[in-house]
Amino acid sequence: MTKQTHPSDFSRTLEEFYTYLRQLLGVYDRLVPVLEQELDILIREDLPALDENLKAQQVLVSQTRNFDQTVTGYYQKLGIQGDTLTEFALQLQHPEQLRFFELLTEYETTFRQINFYRDKCRGLLQTRLHRIDKVLSAHSVPRDKATYDRNASGVQSGLLVIGGSPSIADDQGHLRPNGVLVGDAIDPEMVKTIRAGRV
């Protein structure tokens, strides 16, 4: 409900609020072609242009940062309660109500365009990421789990750290404690060093 405020103060504050919302709509209107460009850039896979585009988006979005606080401030000055701009507009007198609803219709149109381009960009990015993931999976090389002796001869085993203590697992998955794998591929001096705890 509207509190009793001086009519001229109310009209002036209402006009300021309308002007604020109109200017904010201008920011969102300028965001639409930037998002359209982002979609084109993603299609062309132009990373430097994408970086510039995202910076332009940040500049525009930063201008909308205090929206909730500003709207709440105007609600308080006007003595009107509401959770949404539609609820706010419903409490105005007919000529002002009509003007605010026309503005809200413009917002709806602009946000429909913004959401369209954001959804298209998100879908394209997800498709590209999925494609990249498939390519990487197809070309992935299995990790080399072999260890090598001094002569660069392969010893099929892997070094594991279990409970803070290194252990070696052979091809059958059997663990050998203290980092020593039984076999002639291990340097006996290294075994003494490991057992003495100097590694």
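Caption draft 1: Focus on the overall build of the protein. Helix and strand counts for the protein come out as six helices and five strands. Listed by position from the N terminus, the elements making up the protein come as α-α-α-α-α-β-β-β-β-β-α. Buried residues in the protein amount to 29% of all 199 residues. Considering only contacts in the protein between residues 6 or more positions apart, those separated by 24 or more positions represent 52%. Of the roughly 14,100 Å² that the protein leaves accessible, carbon and sulfur atoms contribute 55%.

Caption draft 2: Examining unusual backbone geometry more closely. We note that Glu45 has phi near 55°; this positive angle belongs to a residue other than glycine. Along the polypeptide, Glu45 turns up in the loop between helix 1 (7–44) and helix 2 (47–62).

Caption draft 3: Highlighting helix 3 (residues 67–78). The first and last C-alpha atoms of helix 3 sit 16 Å apart over twelve residues, in line with the 16 Å expected at 1.5 Å per residue. If you check which residues of helix 3 are buried, you get Val71, Tyr74, Tyr75 and Leu78. Projected down its long axis, helix 3 carries its buried residues within an arc of 105°, all on one side. Turned more than 90 degrees away from the buried face of helix 3, the exposed residues are Gln69, Gln76 and Lys77. In this fold, the buried residues of helix 3 make contact with helix 1 and helix 4 (85–90).

Caption draft 4: Summary view of the packing of helix 1 against helix 5 (residues 94–139). Axis separation between helix 1 and helix 5 bottoms out at 9 Å; the angle between their running directions is 20°. Considered as vectors, helix 1 and helix 5 are oriented roughly parallel to each other. The interaxial crossing formed by helix 1 with helix 5 has left-handed handedness. A class-by-class count of the residues in the contact of helix 1 with helix 5 yields 22 nonpolar, two polar and eleven charged.

Thresholds, definitions, all that
- Residues numbered from 1 in each chain as written.
- Predicted model: local features only at pLDDT ≥ 70, side-chain atom pairs only at ≥ 80, totals over all residues.
- Heavy atoms only, no water.
- Helix = DSSP H or I, 4+ residues; strand = E, 2+ residues; numbered from the N terminus.
- Buried < 20%, exposed > 50% of the residue type's maximum accessible area, 1.4 Å probe, protein only.
- Contact = heavy atoms within 4.5 Å.
- Areas by Shrake-Rupley, 256 points an atom, 1.4 Å probe, with all protein chains shown as cover.
- Expected span 1.5 Å × (residues − 1).
- Arc of directions from axis to C-beta.
- Axes fitted to C-alpha atoms, helices over the stretch in contact; angles between N-to-C directions.
- Parallel < 35°, antiparallel > 145°, perpendicular 65-115°, else oblique.
- Left-handed = near helix turned anticlockwise from the far one by under 90°.
- Nonpolar A, V, L, I, M, F, W, Y, C, P; charged D, E, K, R; others polar.

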